Amino acid sequence: MIRGGADGSMTRVWGLWSAAVVAAVLFFGSAAAAYRELVPYITGGSQAEVRLAFLASQPPDPGLSLQAQRLMLDDCVSTLFPLIKAPLGDQQVRAKDNCLILSKTLTEESPIFSYAWFALALAQVVDGQTSEFQHSLAQSQLTTANQWAMASLRLRLAYQYWSSLPLTLQEQLGADIIVLAYSNNGRQWLAQRYAADP
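The structure displayed is predicted, hence computed values, not measured ones.

Caption draft 1: Looking closely at the nonpolar core. Grouped together as the largest cluster of nonpolar side chains are 44 residues, with contacts concentrated most on Phe-118, Leu-122, Leu-137 and Leu-157. When contributions to this core are tallied by element, the ones reaching two or more residues are helix 2 (48-57), helix 3 (66-80), helix 4 (90-109), helix 5 (114-125), helix 6 (131-143), helix 7 (148-158), helix 8 (167-181) and helix 9 (184-196). Examining the composition of this core, we find that eight residues originate from one element, helix 5, more than from any other. Apart from residues no more than four positions distant in its own chain, Leu-137 is found in contact with Phe-118, Ala-121, Arg-154, Leu-157, Ala-158, Leu-169 and Leu-173.

Given below as structure tokens:
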């Protein structure tokens with residue numbers, strides 16, 4: 001004799017509903033993650049005006065992967081470098097503030113993310129050299145001490161303030177000079193900097 005036929009049917013129905021709910025949650029969660037990951041690839045742009053407008057609109061979502069985060073930071077770095085020691089309009093101020101939020105968020109999530117520390121230093125120095133800028137630049141150097149691309153970015157920024165940097169930071173950035181001196185491109189870059197500022 002079979003008992004509990006109705007109970008068994010109800011269990012199956014609840015099981016199907018539970019599976020459907022889990023599937024829907026997974027689908028929409030995956031779609032949201034995919035969207036966050038795609039945003040850095042479809043926003044910003046190759047034109048400076050488009051990047052500036054995008055960065056000024058709101059703090060950019062950094063995405064989930066390191067590559068997506070680097071793309072967002074690339075937009076910030078290329079937008080902020082020309083703003084150093086330049087008069088800022090409202091749009092430039094908003095872009096700088098949003099890049100500050102983005103890079104600070106990334107350094108808090110990953111304290112060894114050197115490029116985020118560099119972008120943070122760049123956003124901080126747009127308003128003028130501060131101890132926060134010096135700290136962020138030092139953190140960038142500490143987290144990638146022997147990488148050519150990061151060394152050249154840091155020195156490109158630091159040379160604009162070299163005479164007013166603390167001696168300890170100058171000595172720390174001296175390691176970046178050594179990194180560049182080991183490559184032909186780096187030696188040429190250093191020679192150009194020294195020729196421009198004896």
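Having seen it, we continue.
Caption draft 2: Local environment of the state of the cysteines. This structure, assessed with the given rule, holds one disulfide. The residue that forms a disulfide with Cys-76 is Cys-99, at a sulfur-sulfur distance of 2.1 Å. When the S-S torsion is -95 degrees, as for the bridge of Cys-76 with Cys-99, the disulfide is left-handed. Of this pair, Cys-76 sits in helix 3 while Cys-99 sits in helix 4, and the two are 23 residues apart along the sequence. There is no split in this pair, since Cys-76 and Cys-99 are both buried.

Cut-offs applied
- Residues numbered from 1 in each chain as written.
- Predicted model: local features only at pLDDT ≥ 70, side-chain atom pairs only at ≥ 80, totals over all residues.
- Heavy atoms only, no water.
- Core = buried A, V, L, I, M, F, W, Y, C linked by side-chain atoms within 4.5 Å.
- Buried < 20%, exposed > 50% of the residue type's maximum accessible area, 1.4 Å probe, protein only.
- Helix = DSSP H or I, 4+ residues; strand = E, 2+ residues; numbered from the N terminus.
- Contact = heavy atoms within 4.5 Å.
- Disulfide = S-S within 2.5 Å.

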